[in-house]
Amino acid sequence: MAISASLIRKLDRFPEDLREVFLAIIDELEAYRHMTVTKVDFADLKAVVADLAASVRDLSEAQKRTEQKVFELAEAQKRTEERLSELAEAQKRTEQRLNEVAEAQKRTEAAVGALAMAQKATRDHVGGLSRNLAYALENEAYRKLPAYLNKVHGIRVMETFIRTEVAEEEVNFWAKALKNGQEVRLVGECVLRLDDASKLKALRRKLQKIGRIVSAELVPILVTHYATPKLLQQAIEKGILVVHSYQWDQDF
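Residues numbered from 1 in each chain as written. Predicted model: local features only at pLDDT ≥ 70, side-chain atom pairs only at ≥ 80, totals over all residues. Heavy atoms only, no water.

### Topic: the environment of Arg185
Locating Arg185 in the fold gives a position in strand S4 (residues 182-194). Since its relative accessible area comes to 14%, Arg185 is described here as buried. Excluding residues that lie within four positions of it along the chain, Arg185 makes contacts with Trp174, Ala175, Lys176, Val214, Ala216, Glu217, Leu218 and Val219. Here the side chain of Arg185 touches Glu183 through a polar contact of 2.7 Å, side chain to side chain. (Helix = DSSP H or I, 4+ residues; strand = E, 2+ residues; numbered from the N terminus. Buried < 20%, exposed > 50% of the residue type's maximum accessible area, 1.4 Å probe, protein only. Contact = heavy atoms within 4.5 Å. Polar contact = N/O pair within 3.5 Å; in protein donor to acceptor, adjacent residues only side chain to side chain.)

### Details of the pairing of strand S2 (residues 162-166)
In this sheet, strand S3 (residues 169-179) lies alongside S2 in antiparallel orientation, the contact comprising four bridges. Counterpart to Val166 in the pairing with S3 is Glu169. Between the antiparallel neighbours S2 and S3 lie two residues, among them Ala167 with a positive phi of about 55°. (Pairing = 2+ DSSP bridges.)

### A few points about the side chain of Asn172
One can find Asn172 in strand S3. Discounting residues that sit within four places of it in the chain, Asn172 has contacts with Glu138, Tyr142, Ile162, Arg163, Gly188, Glu189 and Cys190.

### Details of the pattern of salt bridges
For the structure shown, the criterion picks out 13 salt bridges. For the salt bridge of Lys206 with Glu189, the shortest nitrogen-to-oxygen distance reads 3.2 Å. One end of the pair, Lys206, is in helix H4 (residues 197-211); the other, Glu189, is in strand S4, with 17 residues separating them in the sequence. We note that Lys206, like Glu189, is buried. (Salt bridge = Lys/Arg side-chain N within 4 Å of Asp/Glu carboxyl O.)

### A few points about the nonpolar core
Among the nonpolar cores identified, the biggest contains 20 residues, and Leu145, Leu149, Phe161, Leu186, Val223 and Trp248 are the most heavily contacted of them. Elements with a minimum of two residues in this core: helix H3 (39-153), strand S1 (155-157), S3, S4, strand S5 (217-227) and strand S6 (241-244). Counting residues per element, this core draws most heavily on H3, at five residues. In this view, Val223 contacts Leu137, Ala141, Leu145, Phe173, Glu189, Cys190, Val191, Val243 and Trp248; residues no more than four positions away in its chain are not counted. Of all hydrophobic cores here, the second largest spans 19 residues; its members include Val171, Leu200, Ala227 and Ala235. (Core = buried A, V, L, I, M, F, W, Y, C linked by side-chain atoms within 4.5 Å.)

### Remarks on unusual backbone geometry
Of note, the phi angle at Glu168 is positive, near 60°, even though the residue is not glycine. Its location among the elements puts Glu168 in the loop between S2 and S3. Within the chain, Asn180 stands out as a residue other than glycine whose phi angle is a positive 55°. You can see Asn180 is positioned in the loop between S3 and S4.

### Digging into the environment of Asp195
The topology assignment puts Asp195 in the loop between S4 and H4. Looking at Asp195, the relative accessible area reads 38%, which means it is partly exposed. In the structure, Asp195 is positioned 36 residues away from Leu231 in sequence and 6.9 Å away in space, judged by C-alpha atoms. Discounting residues that sit within four places of it in the chain, Asp195 has contacts with Thr228 and Leu231. Looking at Asp195, its side chain comes within polar contact range of the side chain of Arg193, at 3.1 Å. One polar contact links Asp195 to Lys199, side chain to side chain, over a distance of 3.3 Å.

### Regarding the side chain of Lys206
Relative accessible area serves as the criterion here: at 11%, Lys206 is assigned to the buried category. Once you skip the residues sitting within four places of it in the chain, Lys206 turns out to touch Glu169, Glu170, Val171 and Glu189.

### Brief notes about H4
Between its terminal C-alpha atoms H4 stretches 21 Å, which fits the 21 Å expected from 15 residues at 1.5 Å a residue. If you check which residues of H4 are buried, you get Leu200, Leu203, Lys206, Leu207 and Ile210. Along H4, the residues classed as buried sweep out an arc of 125° about the axis, all on the same side. Close packing links the buried residues of H4 with S2, S3, S4, S5 and helix H5 (229-237). The residue sitting at the N-terminus of H4 and contributing the capping side-chain oxygen is Asp196; that oxygen lies 3.0 Å from the backbone nitrogen of Ser198. (Expected span 1.5 Å × (residues − 1). Arc of directions from axis to C-beta.)

This is the structure we're talking about:
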């Protein structure tokens, strides 16, 4: 039995194993052409062909399902790859953002460092200015205090005020004086503002140490530009003479 071109093309689409089976059947049919076929043989052959056709249909359906599954897997793989690509882009954007944040952090740290240096320079400048003002006030007090103390408190300074160290304590003003006819020692500090109780405590601590080695009466003096009312009252109660810088230029 001759095989047509159409049948060959159809057979080419079959899996190799199935194609071999069909070719074997064709060979068998070709052999039957030259044999005497009984009805029983023909019926058996028809049954075999029917079974084979059913198997082919099953295989065809299975092939379709397999191809569909492969297609679905391919689509899922495509979606996975797209998602991975999106994640990679997101990661890239995240890393870019982190780099930007890191650069911004560096700029911020540099700015903070510059600000800290500027603040330190400002503090140093203010501190230097405060020291200069304090020295200027102290120098002015050396000239003005003797006359002021004599006129206001009846204390006559007998020698020039000096800055010195007594009992291992630095004092801004130190001099001999007469008070009510008695020799005393003037012990003084100079502060721009009497606005901190620790400044009074520091003067009192120095008086206690000096009093242990000096037998003469100590007359404490505190020179300032400004004193808060509360601390001024505390100083007066402790027997400290508080002299405001504006006072020594007044007429008495």
